[in-house]
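One-letter residues, chain by chain:
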Amino acid sequence: ASAAAAAAPREVAFPVREPVQPRVRTPIPGPQSDAQRQALAKHAPVGAIRYFIDFERSIGNYVVDADGNEVLDMYAHIASLPVGYNHPAMLRALSDRANIGLMAHRPALGNNPPVGWDRRVEATLMRVAPRGLDQATTMACGACANEHAMKAVFIAAANARRGGRGISDDEKASCLANQAPGSPGFKILSFDGAFHGRTSACLSLTRTKWIHKLDFPTFDWPACRFPKLKYPLEDFVQENAAEEAACLAEVAEALDRDGDIVGVIVEPMQAEGGDNHASADFFQKLRALTKTRDVSLIVDEVQTGCGSRGTVWGDEAW
């Protein structure tokens, strides 16, 4: 009983009282949001704006708009606000004088990190790092993180193919002209329904809405089906297992057909793509088939990391 109690997830209440229920005073967007959108339209694109937020009044999982409407925030700024609005611990950290200098100067961490940065990384990122990972590179946004993860995969693949030799003069010259051998034809495989960002390479992986990609040149990189499970799960055990096996077979076939696919990227759950899930067995087998082929696996935790699924990382469920 004591072991079961220790393993049970701990419920943590938000330290400041949230609204008991939503309160809607005006249509959404209301007149204040409409007026501010019209004013902003003189200087910036406003087509995607839904309403303006009163950040001082928003609390926890509830967002308050410019018209005073209090509603449960199911958007969370593209799933980037896992601890909610105005969490006291976040506000304390952002107002701590030890952190203000970092935010004010935005240091080039790769070249000139601040004194004590080693201790900060050890005490923060390394404290919650996924098992087996002992390196961290900080990035400004999710798309940046995915772009640099792909670069790490490409560098590793190129070094493996060099077999220990140095970088040739031909490679140095040809990459400046976007030509091989300096610019190899490496590819990253993603899944139908995936969302990995809107920068150029990430758009080549994103396969959700046409509005994200229309009119932009992208790489001709491959994609495979992501499982479409049937629910309730207990009623479709065999059908779902067959669906996941078919999707894994597609990945294996693609990797065996094209040796330039040096990486696979996957989300622990597809959020933007439609709330699509797969079993732990699917992800474990996906890693197994990539590992046996010396293909890197990138786990995109931009929308699932930092506690939004109940654990620090979504892949802890595997």
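Our subject is the structure that appears above.
Residues numbered from 1 in each chain as written. Predicted model: local features only at pLDDT ≥ 70, side-chain atom pairs only at ≥ 80, totals over all residues. Heavy atoms only, no water.

Below, the discussion takes up the pattern of salt bridges. The final tally for this structure, using the stated rule, is twelve salt bridges. For the salt bridge of Glu-272 with Lys-209, the shortest nitrogen-to-oxygen distance reads 2.7 Å. Of this pair, Glu-272 sits in the loop between strand 5 (261-266) and helix 12 (280-291) while Lys-209 sits in the loop between helix 9 (200-203) and helix 10 (210-213), and the two are 63 residues apart along the sequence. Taking the relative accessible area as the measure of exposure, Glu-272 reaches 24% and is therefore partly exposed. (Salt bridge = Lys/Arg side-chain N within 4 Å of Asp/Glu carboxyl O. Helix = DSSP H or I, 4+ residues; strand = E, 2+ residues; numbered from the N terminus. Buried < 20%, exposed > 50% of the residue type's maximum accessible area, 1.4 Å probe, protein only.)

Attention now goes to the side chain of Glu-243. Secondary-structure assignment places Glu-243 in helix 11 (residues 237-257). Overall, Glu-243 belongs to the buried group, its relative accessible area being 17%. What Glu-243 contacts, discounting residues up to four positions off in sequence, is Arg-225, Phe-226, Pro-227 and Lys-228. (Contact = heavy atoms within 4.5 Å.)

Applying the stated rule across the entire model yields ten aromatic pairs. Ring geometry for Phe-226 and Phe-282: centres 5.8 Å apart, planes at 75°, overall edge-to-face. With Phe-226 in the loop between strand 4 (223-224) and helix 11 and Phe-282 in helix 12, this pair connects stretches of sequence that are 56 residues apart. Note on Phe-282: relative accessible area 0%, which makes it buried. Chaining the aromatic ring pairs together yields one cluster made of Phe-191, Phe-226, Phe-282, Phe-283 and Trp-318. (Phe/Tyr/Trp six-rings, centres within 6.5 Å; stacked < 30°, edge-to-face > 60°.)

The next thing to look at is the packing of helix 4 (residues 88-95) against helix 5 (residues 97-105). Contact pair helix 4 / helix 5: the axes reach a minimum separation of 5 Å and the direction vectors enclose 70°. Classified by the interaxial angle, the pair formed by helix 4 and helix 5 is roughly perpendicular. Every residue of helix 5 that contacts helix 4 at Ala-93, Leu-94 and Ser-95 is listed here: Arg-97, Asn-99, Ile-100 and Met-103. (Axes fitted to C-alpha atoms, helices over the stretch in contact; angles between N-to-C directions. Parallel < 35°, antiparallel > 145°, perpendicular 65-115°, else oblique.)

Packing of helix 11 against helix 12 leaves a shortest axis separation of 10 Å and a crossing angle of 15°. Here helix 12 runs roughly parallel to helix 11, going by the angle between their axes. Judged by the twist between their axes, the crossing of helix 11 over helix 12 is right-handed. Across the interface between the two elements, Glu-244, Cys-247, Leu-248, Val-251, Ala-252 and Leu-255 of helix 11 pack against Phe-282, Lys-285, Leu-286, Leu-289 and Thr-290 of helix 12. Of the residues in the contact of helix 11 with helix 12, the class split is eight nonpolar, one polar and two charged. (Left-handed = near helix turned anticlockwise from the far one by under 90°. Nonpolar A, V, L, I, M, F, W, Y, C, P; charged D, E, K, R; others polar.)

For the rest of this paragraph, the subject is the environment of Val-121. Locating Val-121 in the fold gives a position in helix 6 (residues 117-123). Taking C-alpha positions, Val-121 is 16 Å from Met-103, a pair spaced 18 residues apart along the chain.

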